[in-house]
Amino acid sequence: MSFQKATQLLRLARMAAARRQGVSYDQIMEEFGVVKRTALRMVEALQDVFEVERLEDEERRARFRIPAAAVFDLPQKPDTTLEALNLALRSMDVDDAHAAALRDLRDGILARMDRGKARLAQAEAETFLQVYGHVATFGPRTRKDPEALEAISKALRGPFVMSMCYGRDDAPRVVQPYGILQGVRGYLVARQPEKGPELRKYRLDLIREASCGNETFVLDEDFEIEAYAAESFGVWHDPEQLAEVVWRFLPEAAARAEEFVFHPHQVVEYAEDGSLIVRFTTSGWNEMTWYLYQWGDKVEVLAPPELAAMVEGYQRSDIKALP
């Protein structure tokens, strides 16, 4: 759905919620300057997203109404609702249709929250899963201190400044937490004022003796955890490596590769020979080479040339099972 169509759908939802008698096709045509066929499609789109009640007026004309709470109200405890939705999405067997419905509900709640509170709520919901361990995982994983995770959870809610010891260093560090990054390891994204304004990553498994105080701080309004995460393939951000990455998966591996989302902003296309071309812009060549090794000789790096040079000669032909 385009941005313009999404905006029109939201306008239509507000109309259908604000009018006690609902909205008719004629009113949609007049409000949006569209023909009857387009008005029909708009109502169908509305029914895909909201629970729509179909009514008839005195002249037996169809009218459509949705509950005002679906558009205008937030749940009484939006943070808890977000935690529950994320838990359902990540720990249950959810089919595509129901997963989409849950994501739409979650996004609707976030859209109606203050921007800063929404960002913190997302981070808090992610931390909830870490703290309470409701998401089953398999394979090697790092240990995490539950008490440290509790302190991080509280600090993200504030936002509050927190103190922690990190690694083998017993000297407390005072940091301003911004969010959580999940991967093979979990990381806290935070600013350590005494070391400068840049954001840093701290491994969750190395954080100990963490405590959250009552001192607040002002978040950078331009920071978005999703955009920050997209700047690197793994955990390491390197502005000098930020460039377009192009991978070509051979025809025999194309179908398997299409099952993966390698980057949130990737562009995927099939070549004439049946190979799959994947493009995205990010950094982190070292972690890309670690990942690409699993694909043996079924993948080729077309760009950047520096990454291609790093994997050259390491594409094994005896790796039979693809990721």
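Preceding block: the structure.
Residues numbered from 1 in each chain as written. Predicted model: local features only at pLDDT ≥ 70, side-chain atom pairs only at ≥ 80, totals over all residues. Heavy atoms only, no water.

**Student:** I'd like to hear about the pattern of salt bridges, residue by residue, with values.
**Tutor:** Across all of its chains, the model carries 21 salt bridges by this definition. A salt bridge links Arg248 to Glu300; the shortest N-O distance between them is 3.2 Å. Residue Arg248 is found in strand S9 (residues 243-249), and its partner Glu300 is found in strand S12 (residues 299-303); the two are separated by 52 residues along the sequence. For the salt bridge of Glu269 with Arg279, the shortest nitrogen-to-oxygen distance reads 3.4 Å. Taken together, the residues span a long stretch of sequence, with Glu269 in strand S10 (residues 267-270) and Arg279 in strand S11 (residues 276-282) at a distance of 10 residues. In this structure Arg279 comes out as partly exposed when scored by relative accessible area, which is 30%. Overlapping salt bridges bring together Asp26, Asp57, Glu59, Arg61 and Arg63 as one network. (Salt bridge = Lys/Arg side-chain N within 4 Å of Asp/Glu carboxyl O. Helix = DSSP H or I, 4+ residues; strand = E, 2+ residues; numbered from the N terminus. Buried < 20%, exposed > 50% of the residue type's maximum accessible area, 1.4 Å probe, protein only.)

**Student:** So what about the nonpolar core? Which residues, and what values?
**Tutor:** Of all hydrophobic cores here, the largest spans 20 residues; its most connected members are Trp247, Phe249, Phe262, Leu292, Trp295, Val301 and Leu307. If you list the elements that add at least two residues to this core, you get S9, helix H10 (251-257), S11, helix H11 (285-292), S12 and helix H12 (305-311). If you tally residues by element for this core, the top one is H11, at 4 residues. Setting aside anything within four residues of it in sequence, one finds Phe249 in contact with Ala254, Ala257, Phe262, Ser275, Leu276, Val278, Trp295, Lys298 and Val299. (Core = buried A, V, L, I, M, F, W, Y, C linked by side-chain atoms within 4.5 Å. Contact = heavy atoms within 4.5 Å.)

**Student:** Provide a residue-level description of the pairing of strand S6 (residues 187-191), including the pertinent values.
**Tutor:** By the criterion of burial, S6 is predominantly enclosed, with 5 of the 5 residues buried. What you see with S6 is no split at all: Tyr187, Val189 and Arg191 on one side and Leu188 and Ala190 on the other are buried throughout. In this antiparallel pair of consecutive strands, strand S5 (residues 169-181) and S6, the connection spans 5 residues. Direction of pairing for S6 relative to strand S7 (residues 199-203): antiparallel, over a ladder of 5 bridges. Bridged to Leu188 within S7 is Tyr202. (Pairing = 2+ DSSP bridges.)

**Student:** How would you sum up the environment of Leu55? Please name residues and give values.
**Tutor:** Mapped onto the elements of the fold, Leu55 is located in strand S2 (residues 53-56). Remark: the alpha-carbon pair of Leu55 and Ser24, spanning 31 residues in sequence, is separated by 9.3 Å. In this structure Leu55 touches Gln21, Arg61, Ala62, Arg63 and Arg65, once residues within four positions along its chain are discounted.

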